[in-house]
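Chains, contacts and geometry: an overview
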Amino acid sequence: MACEQVTLQDVCELIVDCPHTSAKDEGVGYPLIRTPNVGRGRLILTDVHRVSQDVYERRVSRAVPRQGDLILAREAPAGNVAIVSPGIEVCLGQRTMLLRPDSSFVVPEYLNYYLNAPEQRDRMLRLANGATVSHINVADIRNMPVQLPSRGEQSKVAELLNVLDDKIDLNNRLNDYLEQCLLARYDHLFRGAGTYNGTISDIGDVVGGATPSKKRPEYYCHEGIGWITPKDLSNTTNKFVAHGADDITRVGFDSCSIKKLPAGTVLFSSRAPIGYIAIASDEVTTNQGFKSIVPHKEIGTAFVYCFLVRNKDRVADAGSGTTFPEVSGKTMAGIELTLPNINLCAKFEEWASPLLEEQRHLEDENRQLEDLRDTLLPKLMSGEIDVSKVDLTQLTNNHLADY
C-alpha cells in the first residue's frame, strides 16, 4: 500500500481547542463532551453532562462539532480521539480539542483510527507538556506526520475496523444495561431503608496502599504483581481491573507497607480525584491514592460496590486537605450507613454474581477486540495485510479462540 506522508494540518480544515470556561451539568439539553466522554474511537455518552440551549450556543462559538469531526482529549487522559457520529449534536467541554478532517484528502473514519493507533497515541503523548498534568496543545500537533494511502484504501481500512468497533459498542451497551439492572435492584432492596446505624467498617475492611520507591527500577515490571493507581482508572471505563500501567516485583512489594487485596475487593480512589470505583478481578495492590474495601463475607462485593457508587459524592464531601481533598482511612471507615439485613445481602450477592461475571466477560472480550484492532491497523496501513483479502469474521473468531 503506497502512502503519502503529510501533516495533520495538511488534512484538517480546522484544529481548535475548547472553550476555556467551565460549564455546570444542567441535567438536560446538549451533551457536553469532557475528557471522560472521549473514548478510543467513539464518544462515550452514558455518563455525560448536559447544558442548556443558551450555554450550548455560547460554547460552540469557537466551532460547532458536526458529523465526521474528531474530538481529542487534551489531558486526563491525553491522547484519546473520538469521531462525532451522525445525528449527534454536542459541544466541547474543557480539555478537549476539535479536528475537522478535510474530506477531499482524508476519510474521517480512517484518520480517527490512525490517530488512535498505539504508535500515534505515543507520538502525541511525547508531544504533550506540563509539569503537573500532561496536556496537548494545538501547536503541538499541527505538524504531526500522517501516513495517507489512497482514499479507496482508507475507506476499506475504516470499514474493516468499524466492524470490530460495532461489536465493542454492542458489548458496552449490554454492559451498561446490566449496570442499570444491578443498581436498580440494589435501590429496590436497600436504599431508603431505616436510619444510619453503622459505618463502612461494619461491612468491610478499609485498606490503603503504598508506592515502592520510584528510584529503584527493579521494583517495577510489566508482568508481576498488579499495582493500581488512580491514573490507571482515569484511563479506562472498565469496571474490573487486575493490572495498571506498571506492575511491581516481589522485591518492590517487600520494600514497603503494601498489602495484597483479594479478588472482589472494591477499589475506591481517595484523592486526585476522589471517587473512581473498580472491582479487583484478581489479587491486586494499590498506591496510597486508594482506600479500598475488602467486603466482609456475609456482605459481599455487590452490596459494597453499589453502596459506593450511590454514595461516592457523600464520601468525597468528607475529604479534607489544604492542597487537594483526600479521604483518610479513618474517615472512610467511619462513613455512616444503614446496616443491611444479612440474609437479604446473601440473596443479593447470589443474584448479582452471574451479572458481575457477565460484565467481566464482556470487558475481557472488548480488550481482546481492541488488541486485534490495534494489531491490524499498522499492518493494514503498511500493506503487510491486503485489506481486500481480510475475512474479519474468521479472523475475529480465531483471535477470541486464542484466549
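The paragraphs below set out a description of the structure included in this document. This one's a predicted model, so the numbers in the text were calculated from it and none came from an experiment.

Once that is clear, we can look at the overall build of the protein chain. When its secondary structure is counted, the protein chain shows eleven helices and 21 strands. Its C-alpha radius of gyration of 23 Å places the protein chain within 12% of the 22 Å reference for a compact globule of 403 residues. The principal-axis extents of the C-alpha atoms in the protein chain amount to approximately 65 × 50 × 45 Å. By the burial criterion, 47% of the 403 residues in the protein chain qualify as buried. The contacts in the protein chain between residues at least 6 apart in sequence include a share of 76% that link residues at least 24 apart. When the accessible area of the protein chain is evaluated, it comes to approximately 19,600 Å², of which 48% is carbon and sulfur surface. Averaging the positions of the 43 positive and the 54 negative side-chain charges in the protein chain gives two centres separated by 4 Å.

Turning to the packing of aromatic side chains, a few remarks are in order. Applying the stated criterion to the full structure yields ten aromatic pairs. With centroids separated by 6.5 Å and ring planes inclined at 15°, the aromatic side chains of Phe 303 and Phe 307 adopt a geometry described as stacked. Here Phe 307 and Phe 303 lie together in helix α8 (residues 301-317), a separation of four residues that amounts to about one turn. By the burial criterion, Phe 303 is buried, and Phe 307 matches it. Through a chain of ring-to-ring contacts, three or more aromatic side chains come together here, namely Tyr 186, Phe 190, Phe 303, Phe 307, Phe 348 and Trp 351. Over the aromatic face of Trp 351 sits the side chain of Arg 185, whose NZ or CZ is 5.4 Å from the ring centroid.

Attention shifts here to the sheet that holds strand β2 (residues 12-17). Taken together, five strands build an open sheet; the order of strands is β2-β9-β6-β7-β4 and the sheet is mixed. Whereas interior strands pair on both sides, the edge strands pair on one side only; in this sheet they are β2 and β4 (41-42). Where β4 meets strand β7 (residues 81-83), two bridges bridge the pair, whose relative direction is parallel. The residue of β7 that forms the bridge with Arg 42 is Ile 83. In this fold helix α2 (residues 108-116) packs onto β2, β4, β6 (70-73), β7 and β9 (96-101), with an angle of close to 165° to the strand it touches most, β7.

Moving on: the state of the cysteines. Linking two cysteines covalently via their sulfur atoms produces the bond known as a disulfide. The final tally for this structure, using the stated rule, is zero disulfides. Not engaged in a disulfide, the cysteine Cys 12 finds its nearest cysteine sulfur in Cys 18; these two sulfurs lie 17 Å apart. Considering cysteine sulfurs only, Cys 345 is the nearest to Cys 306, which forms no disulfide, with 10 Å between them.

Okay, the pairing of strand β3 (residues 30-33) next. Judged from the three bridges that link them, β3 and strand β5 (residues 49-51) form a sheet pairing that is antiparallel. Considered in β5, the bridge of Pro 31 is made with Arg 50.

Here we come to the sheet that holds strand β8 (residues 91-92). Strand order in the open sheet formed by three strands is β5-β3-β8, and the pairing between neighbours is mixed. Two strands in the sheet have a free side with no partner beyond their single neighbour: β5 and β8. Of the strand pairs in this sheet, β3 and β8 are connected by two bridges, and their pairing is parallel. Bridge pairing in β8 places Ile 33 opposite Leu 92.

Attention now goes to the pattern of salt bridges. Any two side chains of opposite charge can pair, on the condition that their charged atoms come close. Evaluation of the coordinates by the stated rule reveals 21 salt bridges. Here Glu 119 ties to Arg 123 by a salt bridge, and the two come within 3.9 Å at their closest N and O atoms. With Glu 119 and Arg 123 both in helix α3 (residues 118-127) and four residues apart, this pair spans about one turn of that helix. Assessed through its relative accessible area of 51%, Glu 119 is described here as exposed. Put simply, Arg 40, Asp 165, Arg 373 and Asp 374 are held in one network by salt bridges that share partners.

Right, let's get into the environment of Ile 168. Counting through the fold element by element, Ile 168 comes out in helix α5 (residues 151-190). Residues Ile 168 and Thr 211, 43 residues apart in the sequence, show an inter-C-alpha distance of 34 Å. With residues up to four places along the chain from it excluded, the contact list for Ile 168 reads Asn 366, Leu 369, Glu 370 and Arg 373.

The omega torsion of the bond from Ala 272 to Pro 273 falls at -10°, within 30 degrees of zero and hence cis. Despite not being glycine, Ala 272 shows a phi value in the positive range, around 45°.

This part is about the environment of Ser 103. Of note, Ser 103 is situated in the loop between β9 and α2. Since its relative accessible area comes to 44%, Ser 103 is described here as partly exposed. Sequence separation between Ser 103 and His 188 is 85 residues; the distance between their C-alpha atoms is 51 Å.

The rules we used
Each residue is numbered by its place in its chain's sequence as written, counting from 1. Predicted model: local features are reported for residues with pLDDT of at least 70 only, side-chain atom pairs are reported and counted for 80 or more only, and whole-chain, interface and lining totals are derived from all residues. The side-chain figures draw on all heavy atoms in the structure; neither hydrogens nor water molecules are used. Note on conventions: DSSP H or I runs of at least 4 residues are helices, E runs of at least 2 residues are strands, and numbering of each starts at the N terminus. It is over C-alpha atoms that the radius of gyration is taken, and the globule rule equals 2.2 Å times the number of residues to the power 0.38. Each residue's exposure class comes from its accessible area (1.4 Å probe, protein chains only) as a fraction of the maximum for that residue type: buried when under 20%, exposed when over 50%, partly exposed otherwise. The contact rule is simple, with two residues in contact once any of their heavy atoms fall within 4.5 Å. Computed with the Shrake-Rupley method and a 1.4 Å probe, the accessible areas treat only the protein chains shown as cover for residues. Counting rule applied: Lys, Arg positive; Asp, Glu negative; His and chain ends not counted. To locate a charge, take atom NZ for lysine, CZ for arginine, CG for aspartate or CD for glutamate. Any pair of Phe, Tyr and Trp rings, taking the six-membered ring for Trp, is counted once the centres come within 6.5 Å. Such a pair is stacked with planes under 30 degrees apart, edge-to-face with planes over 60 apart, and tilted for the rest. Think of it as a cone above the ring: NZ of Lys or CZ of Arg counts as a charge over the ring if it is within 6 Å of the ring centre and within 35 degrees of the ring normal. Between any two strands, at least two bridges found by DSSP are needed for them to pair. Geometry is summarised by axes, namely lines fitted to C-alpha atoms with helices restricted to the contacting stretch, and by angles between N-to-C directions that run from 0 to 180 degrees. Disulfides are defined in this document as cysteine sulfur pairs within 2.5 Å. Think of a salt bridge as a Lys or Arg side-chain nitrogen and an Asp or Glu carboxyl oxygen that are within 4 Å of each other.

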